[in-house]
Amino acid sequence: MFCNQCEQAQDGTGCVDSGVCGKDADVQSLQEILLYGLKGMAAYAHHARRLGRSDEAVSAFTEEALFATMTNVNFDVPTLVGLVLECGKQNLRVMEMLDEAHVARFGQPRVAEVSTATRPRPGILVSGHDLLDLANLLKQVEGTEVLVYTHGEMLPAHMYPRLGDHPNLAGHFGGAWQLQRREFADFGGAVLVTTNCVLEARESYRDRMFTTRATAVPGSQRLAGDDFSAVIAKALELGPIPERTGVKLPVGFHHSVILGAAPAILDAVKAGSLTRFFLIGGCDGAEPGRNYYSEYAAGTPASSFVLTLGCGKFRIMGHDYGTLLGLPRLLDMGQCNDAYGAIKVAAGLAEALGCEVNDLPLTIVLSWFEQKAVAVLLTLLHLGVRNIAVGPAAPAFISPNVFKLLQDTFGLKLIGADAKADLAAALA
Ligand code: SF4
Ligand code: SF4
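First things first, this report covers the structure right here in the doc. As the structure is a prediction and not an experimental result, all values here were calculated from the model. (Residues numbered from 1 in each chain as written. Chains lettered and ligands numbered in written order. Predicted model: local features only at pLDDT ≥ 70, side-chain atom pairs only at ≥ 80, totals over all residues. Heavy atoms only, no water.)

Overview of the sheet that holds strand 5 (residues 147–150)
- An order of 6-5-4-7-8-9 is seen for the 6 strands of this open sheet, with the pairing classed as parallel. Lying at the two open borders of the sheet, with one neighbouring strand each, are strand 6 (169–172) and strand 9 (221–223). The mean angle between the axes of side-by-side strands here comes to 25°, regardless of whether they run parallel or antiparallel.
- Bridge count between strand 7 (residues 190–193) and strand 8 (residues 209–212): 3 bridges; the pairing is parallel. Opposite Val193, over in strand 8, you have Thr211 as the bridge partner.
- Those strands touched by helix 6 (residues 180–187) are strand 4 (123–127), strand 5, strand 7 and strand 8, and its axis lies near 165° from that of strand 4. (Pairing = 2+ DSSP bridges. Helix = DSSP H or I, 4+ residues; strand = E, 2+ residues; numbered from the N terminus. Axes fitted to C-alpha atoms, helices over the stretch in contact; angles between N-to-C directions. Contact = heavy atoms within 4.5 Å.)

See below:
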């Protein structure tokens with residue numbers, strides 16, 4: 001453990017192994033899980049609040065939970081486990097509010113094909129998760145020659161008709177966040193990053209990169225409000241971006257779309273022609289171990305659907321999965337907060353089949369990177385979802401005792417070293 005949050009910090013630097021206050025590594029671990037879950041939830045709540053949605057119960061819980069992490073407030077493992085699971089419950093509410101706000105503001109999601117080609121006109125690349133920033137930018141480029149492209153976690157914007165049908169929204173460029181330094185440099189136009197995951201900008205594109213509100217990097221311009229005229233002016237000044245050919249990416253498998261196909265899905269489950277659902281997604285990252293997810297997804301049987309979300313989707317997209325029941329076998333549900341949609345689908349199927357979510361033929365293999373993934377994991381644990389596999393590495397802030405507690409209570413496990421062996425075990 002390491003803690004330096006109060007004056008008593010050992011040797012004036014920090015408490016390691018145990019706290020001068022008496023806090024041990026397991027209490028510290030649970031307090032950190034709680035803090036990181038709160039951070040992830042706060043990001044989603046920020047998006048929801050900007051769209052006019054908030055819940056006093058979420059704010060009250062946030063205050064209480066932060067209070068519990070202060071010095072000499074809580075040394076009790078069961079209480080902290082309860083707060084950690086309550087964080088998952090509150091995050092479910094936040095993801096629900098965000099989903100409702102997205103649909104209300106941007107329209108009922110539908111399946112769409114998104115081009116990855118770019119056209120020789122001034123361009124703006126928009127990355128991050130804040131769909132309202134994208135909507136405001138699109139409004140401000142209306143009537144100009146500037147074309148807007150999504151990047152990374154902004155790809156699911158295309159499933160919302162009021163965004164996807166906008167004449168200035170031209171397509172998608174690039175993959176997950178860790179590729180942005182190369183992709184932002186290559187794009188050639190202005191770049192707008194609305195949230196994480198942003199990387200410090202390279203010299204080559206620093207002066208044409210903009211960020212919004214909490215998101216900022218040295219040397220680039222941070223916009224505190226909703227006026228994107230500086231971004232548009234930069235795109236016009238830079239002129240046409242290079243023309244490139246591309247492919248079509250299918251998006252838009254929102255929970256409402258998948259549940260709309262529920263009768264055919266349920267018939268296929270009962271007939272045995274649909275044998276399993278896999279949820280493979282979450283965050284992406286640069287570590288070589290993340291190839292596990294692409295190998296795992298590529299090995300899934302033709303009689304299964306692979307649901308995906310978050311930027312982890314880019315890791316598994318480069319494979320032809322074929323179709324099942326007239327749908328692509330790989331169903332992109334949206335951003336990481338659309339984990340809410342995966343929960344809705346699982347709950348809907350379980351109800352229709354008269355079983356519990358844990359009894360569904362469902363395998364969950366999550367990739368985590370940062371604190372939103374922590375919040376989503378806590379939500380799944382709050383719902384009692386068992387046997388989730390997470391990777392590529394164990395969170396450093398979970399102590400061995402706390403991990404064992406989560407293993408014993410929820411069957412939580414780490415991904416193995418061999419994707420094929422883990423897949424075979426899931427199918428056995
Ligand atoms: S809160 Fe406890 S563990 Fe943290 S610095 Fe203070 S004495 Fe050390
Ligand atoms: S899913 Fe996670 S890792 Fe990926 S861009 Fe979003 S916050 Fe970052």
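Focus: the pattern of salt bridges
- If you walk through the whole model with that rule in mind, you get 16 salt bridges.
- The partner of Asp130 in a salt bridge is Arg50, with the nearest N and O atoms 2.9 Å apart. Note that Asp130 is positioned in the loop between strand 4 and helix 4 (131–141) and Arg50 in helix 1 (residues 25–50), a separation of 80 residues in sequence.
- With a shortest N-O distance of 3.5 Å, Lys313 and Asp332 are connected by a salt bridge. Here Lys313, found in helix 12 (residues 313–316), pairs with Asp332, found in strand 15 (residues 330–332); they are 19 residues apart in sequence, far enough to count as distant. As far as the burial class goes, Lys313 and Asp332 line up, both buried.
- Salt bridges sharing partners connect three or more residues here, namely Arg50, Asp130, Asp133, Arg213 and Asp226. (Salt bridge = Lys/Arg side-chain N within 4 Å of Asp/Glu carboxyl O. Buried < 20%, exposed > 50% of the residue type's maximum accessible area, 1.4 Å probe, protein only.)

With respect to the packing of aromatic side chains
- Using the criterion set out here, one finds 11 aromatic pairs in the structure.
- Ring plane angle 55° and centroid distance 5.4 Å describe the contact between Phe173 and Phe187, whose orientation is recorded as tilted. Of this pair, Phe173 sits in the loop between strand 6 and helix 6 while Phe187 sits in helix 6; the two residues are 14 residues apart in sequence, bridging distant segments of the chain. Accessibility assignment for this pair places Phe173 and Phe187 in one class, buried.
- A ring pair is formed by Tyr292 and Tyr293, whose centres lie 5.4 Å apart and whose planes are at 75°; its orientation type is edge-to-face. Grouping residues by exposure puts Tyr292 and Tyr293 together as buried.
- Joined through ring pairs, the aromatic side chains of Phe278, Tyr292, Tyr293 and Tyr296 make up one cluster. (Phe/Tyr/Trp six-rings, centres within 6.5 Å; stacked < 30°, edge-to-face > 60°.)

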